[in-house]
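The primary structure of each chain is shown beneath.
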Amino acid sequence: RLLNMLHENANLNAAIGYTLVSHRPAATAAHVELGTLNYGGAIHNAWRDEAPILMTAGMPPLSYGRSRRGGRDQAVFWPQELYDYGQIVRQYVKWDHVLHPLENPGLVVSRALQLALAERQGPTYLVIPRDVAMLPLEGLRFPSIAQLGLPDPPSPDPDAVRTAARLLVEARNPLVLPRKAGRTAAGAAALRALCELLALPVAQAPRSERMNLPTDHPLCEAGPPLDEADVILVVDNDTPWLPGIQEPHPDAKII
């Protein structure tokens, strides 16, 4: 389904919202390098929200020629020329690529979606030159995501899991510091089950992107101060504390 948007920033933010609610990938389209810049802060949001979005943009033709072949028949194509479109977004995407005439576009798109959907999920970026976009396609076949498959998340070492379990069971003042455990329903359920099984108190980050544990749960915000905890379980949290300002006790065990 195609939706027309009046601006790339609204375009990408709408795609982010769609992926968060539907748990399905989305694709966006931008007008050349200027449209990519118009994605603006939404690029940061897509990266931080781990949204599986295929961001696309047009690009000036690679070849000269008339418009029916998609060649450079307009002066505007020279100002739109950049030596590296991907550099605009490379710090915020998992993968970027310029589609070339001899490539299979279906396979490239499938690969872009495969990478966007693989954990940890995140946006990818595909640039499509005008003349490549106007090439005729006949009998094109390419693998679907189901055929390509998605890699399973890595499993933890069993001995490390046993060590972590022993530390949590023997802890006198445990504390759980989650941030994005609630990114999926399964993650939130697993966190809640573990905390209820071992009576582990949870201190949610002030700006958690997800609901990790219901705020009215008796274990929520019921734990010891950070510097008094003897065992700390950090769950999907890139900034569990602020170094030099608020830190665990030097003898605390960190999982």
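Check the entry above for the structure.
Summarised in this report is the structure supplied together with it. (Residues numbered from 1 in each chain as written. Predicted model: local features only at pLDDT ≥ 70, side-chain atom pairs only at ≥ 80, totals over all residues. Heavy atoms only, no water.)

**Section: unusual backbone geometry**
Cis geometry marks the peptide bond from Glu119 to Arg120, where omega comes out at -10°. With respect to the helices and strands, the residue Arg120 is situated in the loop between α4 (105-117) and β4 (124-129). A positive phi is found at Val32, a non-glycine position, where the angle reads about 45°. With respect to the helices, strands and loops of the structure, Val32 is situated in helix α2 (residues 32-38). The class of Val32 is buried, set by a relative accessible area of 7%. In this structure, Asp236 is a non-glycine residue whose phi angle is positive, near 50°. Tracing the backbone through its elements, the reader meets Asp236 in the loop between β6 (231-235) and β7 (253-254). Asp236 sits in the partly exposed class, given a relative accessible area of 30%. (Helix = DSSP H or I, 4+ residues; strand = E, 2+ residues; numbered from the N terminus. Buried < 20%, exposed > 50% of the residue type's maximum accessible area, 1.4 Å probe, protein only.)

**Some words on the environment of Pro101**
If you trace the backbone, Pro101 turns up in the loop between β3 (96-98) and α4. Measuring from C-alpha to C-alpha, the distance between Pro101 and Ala203 comes to 53 Å, with 102 residues separating the pair along the chain. Beyond its immediate stretch of four places on either side in the chain, Pro101 contacts Leu62, Val132 and Leu135. (Contact = heavy atoms within 4.5 Å.)

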